[in-house]
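Notes for the structure review
Now for the letters of each chain:
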Amino acid sequence: MTAPDESVVHGSKAQDKAAPKDLPALDRLLRDCAPLVVEHGHTLVAAEGRALLDALRTRALAGQLPLAEVATLPAALAARVAARLQPSMRAVVNLTGTVIHTNLGRALLADAALQQVLALMGSPNNLEFDLATGSRGDRDELIEGLLCELTGAEAATVVNNNAAAVLLGIAALARGKEAIVSRGELVEIGGAFRMPDVMAAAGATLVEVGTTNRTHPRDYEQAITPRTGLVVKVHTSNYQVQGFTASVDEATLAPIAHRAGLPLMTDLGSGALVDLSKWGLPPEPLPQAMLKAGCDVVTFSGDKLLGGPQAGLIVGSREAVGRIRKFPMKRALRLSKLPFAALEATLRLYLRPERLVQDLPTLRLLTRPAEQIAALARQLLPEVAAAVSPRFAVEAVALQSQIGSGSLPVERLPSAGLALTAADGRGRTLEALATALRELPRPVIGRIQDDRLLLDLRCLEEPTLLTSQLGVLKEALA
Ligand SMILES: *Cc1c(COP(=O)(O)O)cnc(C)c1O
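Just so you know, these numbers come straight off a predicted model, no measurement behind them.

Calculation criteria
Residues numbered from 1 in each chain as written. Predicted model: local features only at pLDDT ≥ 70, side-chain atom pairs only at ≥ 80, totals over all residues. Heavy atoms only, no water. Helix = DSSP H or I, 4+ residues; strand = E, 2+ residues; numbered from the N terminus. Rg over C-alpha atoms; globule rule 2.2 N^0.38 Å. Buried < 20%, exposed > 50% of the residue type's maximum accessible area, 1.4 Å probe, protein only. Contact = heavy atoms within 4.5 Å. Areas by Shrake-Rupley, 256 points an atom, 1.4 Å probe, with all protein chains shown as cover. Lys, Arg positive; Asp, Glu negative; His and termini not counted. Charge placed at Lys NZ, Arg CZ, Asp CG, Glu CD. UniProt positions renumbered as here; feature names shortened; annotations may be inferred. Salt bridge = Lys/Arg side-chain N within 4 Å of Asp/Glu carboxyl O. Domains from an automatic or database assignment. Near = heavy atom within 4 Å. Polar contact = N/O pair within 3.5 Å; in protein donor to acceptor, adjacent residues only side chain to side chain. Expected span 1.5 Å × (residues − 1). Arc of directions from axis to C-beta. Pairing = 2+ DSSP bridges. Axes fitted to C-alpha atoms, helices over the stretch in contact; angles between N-to-C directions. Right-handed = clockwise from strand over helix to strand, strands pointing away. Core = buried A, V, L, I, M, F, W, Y, C linked by side-chain atoms within 4.5 Å.

Another point: the overall build of the protein. Scanning the protein from N- to C-terminus turns up 22 helices and 13 strands. The C-alpha radius of gyration computed for the protein amounts to 29 Å, which surpasses the reference 23 Å derived for 478 residues by more than 25%, pointing to a less compact arrangement than a globule. In terms of principal-axis extent, the alpha carbons of the protein reach across some 100 × 55 × 40 Å. Burial statistics for the protein: of 478 residues in total, 47% are counted as buried. The long-range fraction of contacts in the protein, counting pairs at least 24 apart against all pairs at least 6 apart in sequence, stands at 74%. Put simply, the protein shows about 23,300 Å² of open surface, and 53% of that area lies on carbon and sulfur atoms. Of note, the protein has its 50 positive side-chain charges centred 2 Å away from the centre of its 50 negative side-chain charges.

This part is about the UniProt feature "modified residue: N6-(pyridoxal phosphate)lysine" (unreviewed entry) in the protein. According to UniProt, the feature "modified residue: N6-(pyridoxal phosphate)lysine" (unreviewed entry) maps to Lys304 in the numbering used here. Overall, lysine 304 belongs to the buried group, its relative accessible area being 6%.

Moving on: the pattern of salt bridges. Scanning the entire structure with this criterion turns up 24 salt bridges. A salt bridge links glutamate 128 to arginine 136, with the nearest nitrogen and oxygen atoms 3.2 Å apart. Taking the relative accessible area as the measure of exposure, arginine 136 reaches 68% and is therefore exposed. Between arginine 139 and glutamate 128 there is a salt bridge, with the nearest N and O atoms lying 2.8 Å from each other. Within this pair, whereas arginine 139 is found in the loop between helix H7 (111–121) and helix H8 (141–151), its partner glutamate 128 is found in the loop between H7 and H8, the two being separated by 11 residues in sequence. Glutamate 128 sits in the partly exposed class, given a relative accessible area of 24%. One continuous salt-bridge network, built from bridges that share partners, spans Glu128, Arg136, Arg139 and Arg334.

A common way to express how large an interface is: the accessible area buried when the components associate. On domain assignment, one finds that the protein holds domain 1 (6–85), domain 2 (93–101 + 366–477) and domain 3 (111–359). For domain 1 and domain 3, the distance between their C-alpha centres works out to 57 Å.

In the vicinity of the ligand, the contacting residues are Arg106, Asn161, Asn162, Ala163, Ile189, Phe193, His235, Ser237, Asp267, Gly269, Ser301 and Lys304. A distance of 2.8 Å is found between an oxygen atom of the ligand and a side-chain nitrogen or oxygen belonging to arginine 106. At a separation of 2.4 Å, an oxygen atom of the ligand approaches a polar side-chain atom of serine 301. The protein chains hide 94% of the 380 Å² of surface that the ligand would expose on its own.

With that settled, consider helix H6 (residues 73–85). For H6, built from 13 residues, the straight-helix expectation of 18 Å at 1.5 Å per residue is met to within 8% by its first-to-last C-alpha distance of 18 Å. What H6 keeps buried is the set Leu73, Leu77 and Val81. The buried residues of H6 occupy one face: seen down the axis, they fall within an arc of 75°. Seen from the buried face of H6, the exposed residues on the opposite side, beyond 90 degrees, are Ala75 and Ala83. On its buried face, H6 sits against helix H2 (26–32), helix H3 (34–40), helix H4 (42–61) and helix H5 (67–71).

Moving on: the sheet that holds strand S6 (residues 264–267). The 7 strands are arranged S2-S8-S7-S6-S5-S3-S4 in an open sheet whose pairing can be described as mixed. Each end of this open sheet is capped by a strand with a single partner; those strands are strand S2 (155–159) and strand S4 (205–209). In this sheet, neighbouring strand axes are inclined to one another by 25° on average, regardless of whether the strands run parallel or antiparallel. Of the pairings in the sheet, the one linking S2 to strand S8 (residues 312–316) comprises 5 bridges and is antiparallel in character.

A regular strand places its side chains on the two faces of the sheet in alternate fashion. Buried residues dominate strand S7 (residues 297–301), accounting for 5 of its 5 residues. Because side chains alternate across S7, one face comprises the buried residues Val297, Thr299 and Ser301, and the other comprises Val298 and Phe300, equally buried. Two elements, S6 and S7, share 3 bridges in a ladder whose sense is parallel. Its bridge partner lying in S7, methionine 265 is registered against valine 297. The β-α-β motif built from S6, the intervening helix H13 (residues 287–292) and the parallel element S7 has right-handed crossover chirality. Examined bridge by bridge, S7 and S8 share 5 bridges and lie antiparallel to one another. The residue of S8 that forms the bridge with phenylalanine 300 is leucine 313.

Moving on: the pairing of S8. When you tally the buried positions in S8, you get 5 out of 5 residues, the bulk of the element. Where burial is concerned, the two faces of S8 agree: the one with Gly312, Ile314 and Gly316 and the one with Leu313 and Val315 are both buried.

What follows deals with the nonpolar core. Membership of the largest hydrophobic core comes to 56 residues, with the highest contact counts inside it found for Leu313, Leu343 and Leu347. When residues are assigned to domains, this core turns out to be shared by domain 2 (93–101 + 366–477) and domain 3 (111–359), each giving three or more. Apart from residues no more than four positions distant in its own chain, leucine 313 is found in contact with Leu147, Thr157, Val158, Val298, Thr299, Phe300, Ser301, Gly302, Leu306, Leu343 and Leu347.

Residue position: alanine 332 is located in helix H15 (residues 329–333). The class of alanine 332 is exposed, set by a relative accessible area of 67%. In sequence terms alanine 332 and alanine 91 are 241 residues apart; their C-alpha atoms lie 30 Å from each other.

What follows deals with the sheet that holds strand S12 (residues 447–449). Read from one edge of the open sheet, 4 strands run S9-S10-S13-S12, paired in antiparallel fashion. Here the strands that pair on one side only, and so sit at the sheet edges, are strand S9 (392–401) and S12. Direction aside, the axes of adjacent strands within the sheet are offset by 35° on average.

Shown next as structure tokens:
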């Protein structure tokens, strides 16, 4: 027998606790985990093994490590290695009711776009190679014709996102000069993208005209001087000014700018390539209409209503887009091949407008009939109720979805879902439920409103994503 140790001093309760000497050396642990080392290599497994043993040693020194845990070391190490290899970026289930949710990655890619990314990203491709001549090509050429066809533009280019498109457009057309914007359109989009700051970053001097609620044609006319380089319109995508208001639309503003020899640029934010009112959705300005109205440059996002990857689309006159393309900042903001492939495939879907509502997930989700969503809510109700009872009560309710991403901010889409309330009526219990949902293998994200956790089912096209996890949820709540 060994000499009396601490476990004896502390009495029988400590007998089943491990001492530091009960822990194996790292070498022995790695030998016991030979298949794991073969699979993942020495570096990662050894690093995780060392961290695991350090943590257990600390607990053993504190007399808090059950001896039984020592026997499960190989399994614990395998779990740690697996956890380290799991990406932090994961698929979640969006039951927030916001279809284009910026925090949840915005638009879902269409199958065609996914296929194209998969087919091209592991292979060399003709991103900047002209297959007809065998010489260097320009990535813009792969997409410019299509964008011009869809919007009626003379020229088009794409950059990393719409914020980059706006920055680049202003820099290329108004650097060292003045750019005129209505006070009613000095928007903040979030993530520190504020029009006055963008102007400054682009090297243009902002000239504000009009007032918050009213701006008139003469306000623009009076602000134009020899120092002016550009007139800018910004779609107030994430708010609405109501009441005693006046603004100058593009069709009125274009001749004013052009008479002074100035280009007119409009930032649509989301924009939409098709008239959404065809599907009963609130209308969003179309780039094609803005070009017809006389805009020289129109910018819009790739991953909002367009339903594609993150990208900034710039369409307009040959002259203005040419200046933008030649501006040195363009190279720093260019679109990478990965979203490029997805964007081209997404845009090609617009050649078949009749099929768009099936092909484009964003449009499919936005146009999903409320009655269909309500039927799904009624169908899922018993299963969900069984998983969360008795701590929570569940009912099927009518809800209001949002389009999201600043598109059509005040419009709501009739939707449906499940409302969960805590039997004890406490907000903290509801928070615990929200946490349990976020901790599921595929995290489920709902929203808490008026002491209810709401699961809007508009974006749940595959109910099994929820139902297959209800067993885990039940256990977590037990
Ligand atoms: C969303 C938005 C932007 C930024 O677009 P990103 O693609 O997110 O960079 C710029 N302007 C307006 C008006 C917007 O709504």
